[in-house]
Amino acid sequence: MTQDTVRPSGPVAPAAPATDWSLVLPLKPLALAKSRLAPYAGPHRAGLALSFALDTVTAALATPGVARVLVVTRDAAAGARLAALGAVVVADEPGGGLNRALSHGASAALALAPRAPLAALSADLPALRPAELARVLRAVPPDGRAFLPDSPGLGTTLLASAPGRPLSPAFGDGSRARHAAGGALELRLAGVESVRRDVDTGTDLGEAAALGLGPYTSALFARMSRP
Ligand SMILES: Nc1nc2c(ncn2[C@@H]2O[C@H](COP(=O)(O)OP(=O)(O)OP(=O)(O)O)[C@@H](O)[C@H]2O)c(=O)[nH]1
Ligand SMILES: C=C(OP(=O)(O)O)C(=O)O
């Protein structure tokens, strides 16, 4: 073949999956976190909130394609535990609430890696499996915004944006509808239940346990179950 030869047009190779994801996880002070778990967990409520975050961050850091995990929190003790795992801990802006915290974390992620795709991820996914999170990230279109609904189907566990696109988080009650109305693509994937199973109640925790809990939550769950 010479330089002037017209090459036959073949199938276009799919774009290589991004390998430089920044993930941003929000965590409020453990003394306030997981209030809906209180009737089930009693004195273990704060410990469970920390275990969920430790398991989520451990799995996120082990996920192919993830380059960095940032946690936005003003809880110094929790932040130190998460930093020891390898997370970048970003101090929360006081009083701003969940979405302000996520936007603040997104700015910090962009400062570290301006061209990297970005996703906000719930910090309460104690059954999270790296292979499933990798599948979700690979399904995000390379040029837009996308989200994954939580298991109950009203909320969101992951909201992703391509480089150069604002994240525009709208988490909180009913966030699935808000993220869809805001133009993000809903990811409809089977077999990614560990990324969708956030834990707010004792029933949720039982469902996460059926999927397989990460080591931190598993150990605490076992201690709680002992008579
Ligand atoms: N950094 C930060 N994280 C927050 C803030 N508010 C909520 N979060 C986190 O965002 C996630 C969802 O928050 P919520 O559903 O309000 O709280 P929760 O602790 O999960 O559960 P409940 O107390 O039962 O509502 C959790 O990981 C929280 O820790 C905030 O103001 N700052
Ligand atoms: C914040 C959310 O969920 P939860 O309150 O269940 O943590 C959400 O789904 O946007």
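A few points on the structure. (Residues numbered from 1 in each chain as written. Chains lettered and ligands numbered in written order. Predicted model: local features only at pLDDT ≥ 70, side-chain atom pairs only at ≥ 80, totals over all residues. Heavy atoms only, no water.)

## A look at the packing of helix 2 (residues 45-61) against helix 9 (residues 215-225)
Orientation of helix 2 relative to helix 9, taken along the N-to-C sense of each, is 150 degrees, at an axis distance of 7 Å. With respect to their mutual orientation, helix 2 and helix 9 come out roughly antiparallel. Where helix 2 abuts helix 9, its residues Gly47, Leu48, Ser51, Phe52, Leu54, Asp55 and Thr58 lie against Pro215, Tyr216, Thr217, Ser218, Leu220 and Met224. A class-by-class count of the residues in the contact of helix 2 with helix 9 yields seven nonpolar, five polar and one charged. (Axes fitted to C-alpha atoms, helices over the stretch in contact; angles between N-to-C directions. Helix = DSSP H or I, 4+ residues; strand = E, 2+ residues; numbered from the N terminus. Parallel < 35°, antiparallel > 145°, perpendicular 65-115°, else oblique. Contact = heavy atoms within 4.5 Å. Nonpolar A, V, L, I, M, F, W, Y, C, P; charged D, E, K, R; others polar.)

## Let's talk about the site of ligand 1
Around ligand 1, 15 residues are found, and the nearest of them are Lys28, Lys34, Ser35, Arg36 and Asp92. Measuring from a nitrogen atom of ligand 1, one finds a backbone N or O atom of Val72 at 2.9 Å. For ligand 1, whose unbound accessible area comes to 610 Å², protein coverage reaches 82%. Mapped by element, the contributors of at least two residues to the shell around ligand 1 are strand 1 (21-27) and helix 4 (97-112). With three residues, helix 4 is the single largest residue contributor to the shell around ligand 1. Each residue belonging to the shell around ligand 1 can be placed in one class, and the counts come to eight nonpolar, two polar and five charged. (Near = heavy atom within 4 Å. Polar contact = N/O pair within 3.5 Å; in protein donor to acceptor, adjacent residues only side chain to side chain. Areas by Shrake-Rupley, 256 points an atom, 1.4 Å probe, with all protein chains shown as cover.)

## As for the pattern of salt bridges
Under the definition given, this model contains 11 salt bridges. A salt bridge links Arg74 to Asp92; its shortest N-O distance comes to 3.4 Å. Here Asp92 lies in the loop between strand 3 (88-91) and helix 4 and Arg74 lies in the loop between strand 2 (66-73) and helix 3 (76-85), a separation of 18 residues in the sequence. Classification of Asp92 as buried rests on a relative accessible area of 14%. Across the salt bridge formed by Arg197 and Asp204, the nearest N and O atoms sit 3.1 Å from each other. Asp204 carries the same exposure label as Arg197, and that label is buried. Several salt bridges converge on common partners, so that one network encompasses Lys34, Arg36, Asp124 and Asp200. (Salt bridge = Lys/Arg side-chain N within 4 Å of Asp/Glu carboxyl O. Buried < 20%, exposed > 50% of the residue type's maximum accessible area, 1.4 Å probe, protein only.)

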